[in-house]
Amino acid sequence: MVFVDGSLMVPVEDHPNFQDWVQCDSLIKTWILNCLLQAILISVYSVKTARDLWVELRNRYSTENATSDFEITRSISTIKQEGKPISEYYSKIKTLWDELYQYKETFNYDCGKCTCEISKKALVQQNKAKVLQFLMGLDECYEHVINQILLMDPLPDVNKVRAQVGQVERKSLVYQTGKQEEIQKPMTIAMQAIDKPMNNKNASH
């Protein structure tokens, strides 16, 4: 902790312990970086010391940092599928969820007479928010499955919702592929019919 809380100051460069300090600080910085999501890692990778990295993360993701929460929540509310594959769209919104919730705490409250399971209720509400956010960003072609999911009570886990929408996407792709083959087949037959007399004519010469 002495490297991240600033209590062990960096020695001057000509100090005998300078290189040892640099190596230890680098190891701690690497350990912290390895614990981060890829989306966060990119934005802090160039930070020089473990202390600077820790301060940056604390300021950015502190539970008291309303500005950070606001920015991430706004990004979640505006993200759209826009024709991208479901897997790609879900991956992007999940990255934002992880960034928003990874520093949030949930608690079990014991009043002495009963256990109120506040933690469980909070997770249910969190899942509901994720499901609604995920559905809101889908393209209009998924309106039917969106309505089906919204009629469910309680709402299913967000991973099950993603899987259900993914099944609709796969069926749609299979249907589109079949339609393309139906269109291409007569065209192929027509082209073969055109080529056949020309080949016979060339053969006669």
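Quantities reported herein were computed from a predicted structural model and do not represent experimental measurements.

**Q** Help me understand the environment of Thr49, please; the structure alone is not making it clear to me.
**A** Structurally, Thr49 is set in the loop between α2 (38-44) and α3 (50-61). For the pair Thr49 and Ser26, spaced 23 residues apart in sequence, the C-alpha separation works out to 7.1 Å. Setting aside its immediate chain neighbours within four residues, Thr49 contacts Trp21, Asp25 and Lys29. Among the polar contacts made by the side chain of Thr49, one reaches the main-chain amide nitrogen of Asp52 at a distance of 3.1 Å.

**Q** What's the story with the pattern of salt bridges in this structure? I'm lost.
**A** Pairing between side chains of opposite charge can happen when their charged atoms approach one another. Going through the model one piece at a time under the given rule, you end up with three salt bridges. Between Glu88 and Lys92 there is a salt bridge whose closest N-O contact spans 3.9 Å. With Glu88 and Lys92 both in helix α5 (residues 86-101), this residue pair falls four residues apart, about one helical turn. Accessibility expressed as a relative area gives 35% for Glu88, which makes it partly exposed. Lys92 gets classed as partly exposed once you look at its relative accessible area, which sits at 40%.

**Q** Looking at this structure, how should I read the packing of aromatic side chains?
**A** Here the distance between the centres and the angle between the planes together describe a pair of aromatic rings. Tallied over the full model, the rule gives three aromatic pairs. With a centroid separation of 5.3 Å and 20 degrees between ring planes, the pair formed by Tyr89 and Phe134 is classed as stacked. Taken together, the residues Tyr89 in helix α5 and Phe134 in helix α6 (residues 118-136) connect sequence positions 45 residues apart. Seen from their ring centres, Tyr90 and Trp97 are 5.9 Å apart, and the 75 degrees between their planes marks the pair as edge-to-face. Since its relative accessible area comes to 8%, Tyr90 is described here as buried. Of the aromatic side chains, those joined through ring pairs into one cluster are Tyr89, Tyr90, Trp97 and Phe134. Just above the ring of Tyr90 sits the side chain of Arg162; from NZ or CZ to the centre is 5.4 Å.

The rules behind these values
Residues numbered from 1 in each chain as written. Predicted model: local features only at pLDDT ≥ 70, side-chain atom pairs only at ≥ 80, totals over all residues. Heavy atoms only, no water. Helix = DSSP H or I, 4+ residues; strand = E, 2+ residues; numbered from the N terminus. Contact = heavy atoms within 4.5 Å. Polar contact = N/O pair within 3.5 Å; in protein donor to acceptor, adjacent residues only side chain to side chain. Salt bridge = Lys/Arg side-chain N within 4 Å of Asp/Glu carboxyl O. Buried < 20%, exposed > 50% of the residue type's maximum accessible area, 1.4 Å probe, protein only. Phe/Tyr/Trp six-rings, centres within 6.5 Å; stacked < 30°, edge-to-face > 60°. Lys NZ or Arg CZ within 6 Å of the ring centre and 35° of its normal.

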